[in-house]
Amino acid sequence: MSFASLGLIDQITRTLASLQYVSPTAVQSQAIPAVLAGRDVMAAAQTGTGKTAGFALPLLQRLAMEGAQAASNSARSLILVPTRELAEQVHESVKAYGAGLPLRTMVAYGGVSINPQMMRLRKGVDVLVATPGRLLDLQRQNAVRFNQVQTLVLDEADRMLDLGFSRDIDKLLALLPKQRQTLLFSATFSDPIRALAGKLLHDPVSIEATPRNTTVRAIRQWIVPVDKKRKPELFLHLLKRHGWGQVLAFVKTRKGVDQLVELLASKRIDADSIHGDKPQPARLRALARFKAGEVKVLVATDVAARGLDIEELPVVVNVDLPIVAEDYVHRTGRTGRAGASGEAVSLVCADEVQQLAAIEVLTGQTLQRKDEPGFEPEHRVPQTNASGQVVKKPKKPKKPKGEARVVQEDVRFRK
Ligand code: AMP
């Protein structure tokens with residue numbers, strides 16, 4: 001199937017050819033005609049499936065072909081995303097896909113000065129990619145009006161709800177024109193997401209590009225049981241033993257991120273980090289250095305789990321398991337992108353057994369365990385499986401001492 005056969009105009013198909021996109025992915029071949037036809041869409045699509053082009057290409061085409069120019073301080077379409085990183089990334093994609101089209105695009109998120117964003121909005125924009133909180137701030141300061149909005153995209157809607165944006169989203173929805181097209185993308189479809197979809201979407205086309213809540217298949221995944229305090233040491237050991245080129249490592253806390261980066265630096269391994277305490281320019285710099293291959297290990301909290309598009313990243317290491325099982329899917333989605341194969345390794349300690357069980361239930365798979373010689377845990381990680389069971393082994397009977405043991409052995413021998 002070709003992009004042209006989906007109804008995309010020459011200008012866009014030429015751009016796609018220059019990006020070396022040969023044929024549409026599954027989500028693209030379903031979403032593009034539906035969005036071009038003006039339909040609402042509800043799509044279950046995880047990162048790495050090409051979902052950004054799935055909504056951005058037809059959106060750009062419609063904006064270029066239809067409707068009035070953006071009035072000053074107005075936006076013609078909104079793409080809401082949960083994090084700054086994802087905002088940057090989606091905006092980069094929108095710019096690339098819209099090359100040569102007479103459209104103004106911009107990105108707005110918090111944590112950076114609002115003034116340049118207000119200035120840019122003066123001329124009006126065709127596509128505004130934004131995080132919900134900052135978008136509301138801009139609206140409150142009359143920097144942006146929504147009466148021209150013809151399309152609303154909610155990208156990674158599940159993540160937006162996880163991050164507590166539900167009220168901001170409701171406030172924004174109340175300000176948007178009732179007559180509009182709405183596209184909702186989510187990697188997972190929990191009940192709250194379904195409720196949101198029910199409120200927002202009108203007769204939507206449902207798209208399910210990958211089975212629900214599954215991790216990308218090409219990824220080889222396994223866990224290494226280990227005691228909590230030995231995780232950093234095990235990480236270093238695995239890094240060396242496997243000779244991994246570049247690794248994205250996830251750690252639970254910001255402090256933990258900093259500690260791991262320090263440890264790596266002390267071993268002269270190039271590492272950088274992204275987490276919520278870092279100012280935005282520093283986060284983007286770390287990401288850019290990682291993408292450019294200047295940094296071998298990028299250590300991140302879940303802030304970074306979405307939106308990072310790093311081509312051919314071979315390995316993701318969960319130094320800590322995520323608290324929310326869905327984040328496992330998003331984290332591992334960083335590797336094995338667009339059909340490439342990858343590895344996702346999780347270092348799991350006894351405290352994390354419930355998280356592990358939740359991940360296995362969500363993804364419908366029992367993760368393979370591989371003990372690492374020399375790192376076998378003192379605190380055993382109970383066996384789990386995809387039906388949510390945590391199998392507690394009965395305690396070993398204490399070894400009898402001295403003569404008693406000999407007697408026992410004799411008894412067994414005679415049987
Ligand atoms: P996404 O799921 O939108 O984050 O996209 C994942 C990756 O796939 C990005 O690096 C895109 O540039 C790439 N991609 C998206 N669509 C295609 C396509 N049709 N052919 C080749 N690569 C693509």
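Keep in mind the model is a prediction, meaning the values are calculated, not measured.

Participant: Mind showing me how you'd approach the overall build of the protein here?
Facilitator: Each helix and strand counted, the protein has 15 helices and 16 strands in total. Looking at the protein as a whole, 54% of its 415 residues qualify as buried. Intrachain contacts of the protein at a sequence separation of at least 6 include 74% that bridge at least 24 residues. Entry remark: accessible area of the protein is about 19200 Å², with carbon and sulfur atoms responsible for 50%.

Participant: Explain the pattern of salt bridges here, please?
Facilitator: If the charged atoms of two oppositely charged side chains come close together, the side chains can form a pair. Following the criterion strictly, the structure yields 20 salt bridges and no others. The salt bridge involving R140 is made with D137; its shortest N-O contact spans 3.1 Å. Here R140 pairs with D137, and both are found in helix α6 (residues 132–140), just three residues apart, close to one helical turn. The exposure class of R140 is partly exposed, given its relative accessible area of 49%. We classify D137 as partly exposed; its relative accessible area is 29%. Taken together, the shared-partner salt bridges in this structure form one network comprising D272, K278, R289 and E294.

Participant: Looking at this structure, how should I read the packing of helix α3 (residues 51–65) against helix α4 (residues 84–97)?
Facilitator: Geometry of a packed helix pair, given as the angle between the helix axes and the separation of the axes. Where α3 contacts α4, the two axes come as close as 10 Å, and the packing angle between them is 50 degrees. Judged by the angle between their axes, α3 and α4 are oblique. As α3 packs across α4, the resulting crossing turns out to be right-handed. Only V90, S93, V94 and Y97 of α4 make contact with α3, whose side of the interface consists of T52, A53, F55, A56, L57 and L60.

Participant: Would you explain the confidence of the model for the protein in this entry?
Facilitator: Low pLDDT marks regions whose predicted coordinates should not be analysed in detail. Per-residue confidence for the protein gives a mean pLDDT of 86, with 87% of residues at or over 70. Note on residues 399–415: pLDDT is under 50 here. Beyond four places in sequence and across chains, it has two contacts.

Participant: For this particular structure, what's the right way to read the nonpolar core?
Facilitator: Of all hydrophobic cores here, the largest spans 38 residues; its most connected members are L8, F55, L57, I79, V90 and V129. Looking at this core, the elements that each hand over two or more residues are α1 (10–18), α2 (26–36), β1 (41–44), α3, α4, β4 (127–130) and β6 (181–186). With seven residues, the top contributor of residues to this core is α3. Setting aside anything within four residues of it in sequence, one finds L8 in contact with F3, T13, L16, I32, L36, L57, P58 and Q61. Within the second largest apolar cluster, 36 residues are counted, among which are L78, L80, L136 and A143.

Participant: How should the packing of aromatic side chains be read in this particular structure?
Facilitator: Aromatic ring pairs are defined here through the distance separating the ring centres and the angle between the ring planes. For the structure on display, the rule yields two aromatic pairs. On the basis of an interplanar angle of 65 degrees and a centroid distance of 6.0 Å, the ring pair of Y21 and Y97 is categorised as edge-to-face. Pair noted here: Y21 is in the loop between α1 and α2 and Y97 is in helix α4, with a separation of 76 residues, a long-range link. Y21 sits in the partly exposed class, given a relative accessible area of 31%. We note K370 situated over the ring of W222; from NZ or CZ to the ring centre the distance is 4.4 Å.

Participant: Any chance you could explain the site of the ligand here in plain terms?
Facilitator: As a matter of local geometry, the ligand sits amid 15 residues, with Y21, Q28, G48, G50 and T52 nearest to it. Note that an oxygen atom of the ligand is positioned 2.4 Å from one of the side-chain N or O atoms of Y21. Separating an oxygen atom of the ligand from a backbone N or O atom of G50 is a distance of 2.8 Å. In the complex, the protein chains occlude 83% of the 500 Å² of accessible area that the ligand would expose alone. By residue class, the composition of the shell around the ligand is four nonpolar, eight polar and three charged. Viewed by domain, the shell around the ligand spans two of them, domain 1 (4–208) and domain 2 (219–391), each represented by three or more residues.

Participant: Explain the environment of V129 here, please?
Facilitator: Within the fold, V129 resides in strand β4. Between the C-alpha atoms of V129 and E88, which are 41 residues apart in sequence, the distance is 8.2 Å. Dropping the residues within four chain positions of it, V129 is found in contact with I79, V81, A87, V90, H91, M106, V107 and A108.

Participant: Quick question: what am I supposed to make of the sheet that holds strand β11 (residues 297–300) here?
Facilitator: Strands pair in a sheet through their backbones, by hydrogen bonds, and they do so in one of two ways: parallel or antiparallel. Reading across from one edge, β10-β11-β9-β12-β13-β8-β14 is the order of the seven strands in this open sheet, with parallel pairing throughout. The sheet is open, and its two borders are formed by β10 (271–274) and β14 (368–369), each paired with just one other strand. Relative to β14, strand β8 (residues 219–225) runs parallel, the two sharing two bridges. Looking at the pairing, W222 lines up with Q368 of β14.

Participant: Just checking my understanding: could you explain the sheet that holds β6 for this structure?
Facilitator: With parallel pairing, seven strands are arranged side by side in an open sheet as β3-β4-β2-β5-β6-β1-β7. Since the sheet does not close on itself, it has two edges, and those belong to β3 (105–108) and β7 (205–208), each with one partner. Across the sheet, the axes of successive neighbouring strands diverge by a mean angle of 15 degrees, strand direction being ignored. By the bridge criterion, three bridges tie strand β2 (residues 77–80) to β4 in an arrangement that is parallel. Looking at β4, one finds that L78 is bridged to L128. Packing of α6 onto the sheet brings it into contact with β2, β3 and β4, and relative to β4 it is tilted by some 125 degrees.

Participant: Honestly, the pairing of β2 in this entry has me stumped. Any pointers?
Facilitator: The side chains of a regular strand alternate, residue by residue, between the two faces of the sheet. Side chains S77 and I79 project from β2 onto one buried face, and the interleaved L78 and L80 project onto a second face that is buried too. Where β2 lies against strand β5 (residues 151–154), four bridges are found, and the strand directions are parallel. Its bridge partner lying in β5, S77 is registered against T151.

Cut-offs and rules
Residues numbered from 1 in each chain as written. Predicted model: local features only at pLDDT ≥ 70, side-chain atom pairs only at ≥ 80, totals over all residues. Heavy atoms only, no water. Helix = DSSP H or I, 4+ residues; strand = E, 2+ residues; numbered from the N terminus. Buried < 20%, exposed > 50% of the residue type's maximum accessible area, 1.4 Å probe, protein only. Contact = heavy atoms within 4.5 Å. Areas by Shrake-Rupley, 256 points an atom, 1.4 Å probe, with all protein chains shown as cover. Salt bridge = Lys/Arg side-chain N within 4 Å of Asp/Glu carboxyl O. Axes fitted to C-alpha atoms, helices over the stretch in contact; angles between N-to-C directions. Parallel < 35°, antiparallel > 145°, perpendicular 65-115°, else oblique. Left-handed = near helix turned anticlockwise from the far one by under 90°. pLDDT = per-residue confidence, 0-100. Core = buried A, V, L, I, M, F, W, Y, C linked by side-chain atoms within 4.5 Å. Phe/Tyr/Trp six-rings, centres within 6.5 Å; stacked < 30°, edge-to-face > 60°. Lys NZ or Arg CZ within 6 Å of the ring centre and 35° of its normal. Near = heavy atom within 4 Å. Polar contact = N/O pair within 3.5 Å; in protein donor to acceptor, adjacent residues only side chain to side chain. Nonpolar A, V, L, I, M, F, W, Y, C, P; charged D, E, K, R; others polar. Domains from an automatic or database assignment. Pairing = 2+ DSSP bridges.

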